[in-house]
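Secondary and tertiary structure notes
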Amino acid sequence: MLDDIRGRVTKDGIRIYEDADFAGMREAGRIAALILDDVGALVQPGTMTSEIDDFIRTEVARRGATSATIGYKGYQHASCISVNHVVCHGIPGAKKLAEGDILNIDVTVIVEGWFGDTSRMYAAGAINRKAERLIEVTHEGLMRGIEAVKPGNTFGDIGHAIQTFVEANRMSVVRDFCGHGLGRVFHAPPNVLHYGRPGTGAVLEEGMFFTIEPMVNLGRPETKVLSDEWTAVTRDKSLSAQYEHSVGVTAEGCEIFTLSPGGKFFKP
Ligand code: MF3
Ligand code: CO
Ligand code: CO
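In short, a report on the structure.

With that settled, consider the coordination of the cobalt ion (ligand 2). Donor atoms from the polypeptide that coordinate the cobalt ion (ligand 2) comprise D117 (OD), H180 (NE2), E213 (OE) and E244 (OE), at 1.9 to 2.2 Å from the metal. Taken together, the six donor atoms coordinating the cobalt ion (ligand 2) and their angles of 51 to 162 degrees define a geometry best described as irregular. Sequence positions of the residues that donate to the cobalt ion (ligand 2) give the spacing D-x62-H-x32-E-x30-E. A separation of 3.3 Å is found between the cobalt ion (ligand 2) and the cobalt ion (ligand 3), which are bridged by D117. On the criterion of sequence distance, the pair formed by E213 in the loop between β11 (209–212) and β12 (215–217) and E244 in the loop between β15 (240–242) and β16 (245–249) is long-range, its members being 31 residues apart.

Written out as structure tokens, the structure reads:
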């Protein structure tokens, strides 16, 4: 396989980063997570999602970072905000949040060339029990996937851990979008599927950096992309949730780069 000057790429095309590179990811992840900690106060009935995005845009700059999404394939915003049946890539806009809405806010920053990519669920006011359960199961699905991250396990082990947990709770895993390698680039190999069979897929090695970002639906897993060419929604209009962390494989297991400094990841 092709080696380059620094580091190495596996036969599956996955870059292996060096020990010193963890520090860069840690800082990028920390800043992305801090911004998600701080945006929580804005999430309430009556707020326009564009106001949330404006805040994020300002915070990214104030913290000396760059937005990875502004200008990415023509995308114009500092976040994706996906409300209710929007699965991912919701475009911030003038629509106001309503009591009972659930939403994912996804932020990716670049700090000294390193990418930090994370998303969480937020609630506008009081939400119903079904929405609450969806959020709990999606968060727990991500954490079970992360527990499967260690050298020698495979990407299929990660997907399997997520899928079995979600389906045991009678919810479905979205197939049309996946996690991704990242590091000095936004989207790199591999595709990190949130479903799968144990022992399949590429073998995890120390120094791999990637996201895990399961999208879970209360109804069927199928999605469609709206005519704006970004917004992905559930075909059956059922509620959808997502959580995302950026992680690095260590000798022992993994390091989560995007942990919430304020302990607000699950319940902002
Ligand atoms: N942050 C998203 C991810 O988790 C990607 C957003 S790309 C955008 O991979 F252009 F829609 F912002
Ligand atoms: Co991502
Ligand atoms: Co993201």
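Further remarks concern the side chain of H139. Position of H139 among the secondary structure elements: in helix α3 (residues 129–147). Those residues in contact with H139, other than ones at most four positions away along the chain, are Y243, F265 and F266.

Taken as a whole and assessed by the stated rule, the structure comprises 15 salt bridges. The residue R129 makes a salt bridge to E136 at a minimum N-O spacing of 3.8 Å. The exposure class assigned to E136 is partly exposed, which follows from its relative accessible area of 28%. If you follow the salt bridges from partner to partner, you end up with D38, E59, R62 and R63 in one network.

Time to look at the packing of α3 against helix α4 (residues 155–168). At a minimum axis distance of 8 Å, the contact between α3 and α4 shows a crossing angle of 150 degrees. By the angle between their axes, α3 is roughly antiparallel relative to α4. As α3 packs across α4, the resulting crossing turns out to be right-handed. Across from V137, E140, G141, R144 and G145 in α3, the residues of α4 making contact are I158, A161, I162, F165 and V166. In terms of residue class, the contact of α3 with α4 is built from six nonpolar, two polar and two charged.

Each strand in a sheet pairs with its neighbour through backbone hydrogen bonds, running either in the same direction (parallel) or in the opposite one (antiparallel). Strand order in this open sheet of three strands is β8-β12-β15, and the pairing throughout is antiparallel. Two strands close off the open sheet at either side, each with one partner strand: β8 (172–173) and β15. Summarising the sheet, β8 and β12 pair through two bridges and their orientation is antiparallel. Looking at the pairing, V173 lines up with V216 of β12. In this fold α3 packs onto β12 and β15, with an angle of close to 35 degrees to the strand it touches most, β15.

With the exception of glycine, the majority of residues adopt a negative phi angle, and the majority of peptide bonds are in the trans configuration. Residue P190 is bonded to the preceding P189 through a cis peptide linkage, with omega at 0 degrees. Summarising the element assignment, P190 is placed in strand β10 (residues 188–192). If you check the backbone angles, E229 has positive phi at about 70 degrees while not being a glycine. When you line up the elements, E229 lands in the loop between β13 (223–225) and β14 (232–234). A positive phi is found at K237, a non-glycine position, where the angle reads about 65 degrees. Inspection of the secondary structure puts K237 in the loop between β14 and β15. Classification of K237 as exposed rests on a relative accessible area of 57%.

Within the protein, D106 (OD), D106 (OD), D117 (OD) and E244 (OE) serve as the donor atoms for the cobalt ion (ligand 3), at 2.0 to 2.3 Å. For the cobalt ion (ligand 3), the six donor atoms are set out with angles of 58 to 168 degrees between them, so the coordination reads as irregular. When the donors of the cobalt ion (ligand 3) are listed by position in the chain, the intervening gaps give D-x10-D-x126-E.

Right, let's talk about the sheet that holds β14 for a bit. Sheet architecture is open: three strands sit in the order β5-β14-β13, paired in antiparallel fashion. The open sheet is flanked by β5 (86–88) and β13, the only strands paired with a single partner. In this sheet, adjacent strand axes meet at a mean angle of 40 degrees when their direction is disregarded. Alignment of β13 against β14, held across three bridges, turns out to be antiparallel.

Further remarks concern the pairing of β11. Every regular strand shows the same layout, with side chains that alternate between the two sheet faces. On β11, burial covers both faces: F209 and T211 on one face and F210 and I212 on the other are all buried. Both β11 and β16 contribute to a ladder of four bridges, which runs antiparallel. In the sheet register, T211 faces β16, and the bridge partner there is S246.

Each value, and the rule that gives it
Residues numbered from 1 in each chain as written. Chains lettered and ligands numbered in written order. Predicted model: local features only at pLDDT ≥ 70, side-chain atom pairs only at ≥ 80, totals over all residues. Heavy atoms only, no water. Donors = N, O, S within 2.8 Å, 3.2 Å for Na, K, Ca; no water. Tetrahedral: all angles 85-135°; square planar, octahedral: opposite > 155°, others 65-115°. Helix = DSSP H or I, 4+ residues; strand = E, 2+ residues; numbered from the N terminus. Contact = heavy atoms within 4.5 Å. Salt bridge = Lys/Arg side-chain N within 4 Å of Asp/Glu carboxyl O. Buried < 20%, exposed > 50% of the residue type's maximum accessible area, 1.4 Å probe, protein only. Axes fitted to C-alpha atoms, helices over the stretch in contact; angles between N-to-C directions. Parallel < 35°, antiparallel > 145°, perpendicular 65-115°, else oblique. Left-handed = near helix turned anticlockwise from the far one by under 90°. Nonpolar A, V, L, I, M, F, W, Y, C, P; charged D, E, K, R; others polar. Pairing = 2+ DSSP bridges.

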